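# Understanding the architecture of this molecule
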Amino acid sequence: MPANKKFLFHSPWARTSKIVAAILGGFLATASMHVALAYLFGIEVVLMTALYSAFIMWPLFMLMVYWIEKPWISWAILMGIFLVSSVGIYFGKMAIG
């Protein structure tokens, strides 16, 4: 049974943006969140947890991208997570150094 046309993307840019957001944006959000947590709780604690939680969080971020209808909203959420984590990394380095 073919797919319903109203649920398919009409623009190749929207499809490409969703794919890139799912793979690259999801990875950046996951990695930056784990690094920020490493500054907060200590690298020894987060490193062992990150081995497992990264493989759970990244696919969840990928699914989130496809649950949201508009690609720019997905990008905004993922880059918001990335920016908040980056600010946490910056202040974590300031506190340590």
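Before going into details, it helps to say that this report is about the structure given with it. Keep in mind that what you see is a predicted model, and the values were worked out from it rather than measured.

This part is about the overall build of the protein chain. On a plain count of helices and strands, the protein chain comes out with 3 helices and 0 strands. Scanning the protein chain from its N terminus toward the C terminus, one meets helices and strands in the order α-α-α. For a compact globule of 97 residues, the expected C-alpha radius of gyration is about 13 Å, and the protein chain comes in at 16 Å, more than 25% above that figure. Along the first, second and third principal axes, the C-alpha set of the protein chain runs to 55 × 25 × 15 Å. In the protein chain, buried positions account for 27% of the 97 residues. When contacts within the protein chain are restricted to residue pairs at least 6 apart in sequence, those whose partners lie at least 24 apart make up 76%.

Okay, the packing of aromatic side chains next. The description of an aromatic ring pair rests on the distance of the ring centres and on the angle between the ring planes. Taken as a whole and assessed by the stated rule, the structure comprises 2 aromatic pairs. Pairing Y90 with F91 gives two aromatic rings, centres 5.4 Å apart and planes at 70°, and the pair type is edge-to-face. Among the residues examined, F91 registers a relative accessible area of 53% and is labelled exposed.

Thresholds, definitions, all that
- Along each chain, numbering runs from 1 in the same order as the chain's sequence is written.
- pLDDT decides what is reported in this predicted model: residues at 70 or higher carry local features, side-chain atom pairs at 80 or more are listed and counted, and totals for whole chains, interfaces and linings draw on all residues regardless.
- To get the side-chain values, all heavy atoms of the structure are used, and hydrogens and water are removed first.
- Starting at the N terminus, helices and strands are each numbered in turn, a helix being any DSSP run of H or I of at least four residues and a strand any DSSP run of E of at least two.
- Based on C-alpha atoms, the radius of gyration is set beside the globule rule, defined as 2.2 Å times the residue count to the power 0.38.
- Here the term buried applies to any residue with accessible area under 20% of the maximum for its type, exposed to any over 50%, and partly exposed to those in between, with areas from a 1.4 Å probe on protein chains only.
- Contacts between residues were defined by any pair of non-hydrogen atoms, one from each residue, lying within 4.5 Å.
- Centres within 6.5 Å make a pair out of two Phe, Tyr or Trp rings, where for Trp the six-membered ring is used; the pair is then stacked when the planes are under 30 degrees apart, edge-to-face when over 60, and tilted otherwise.

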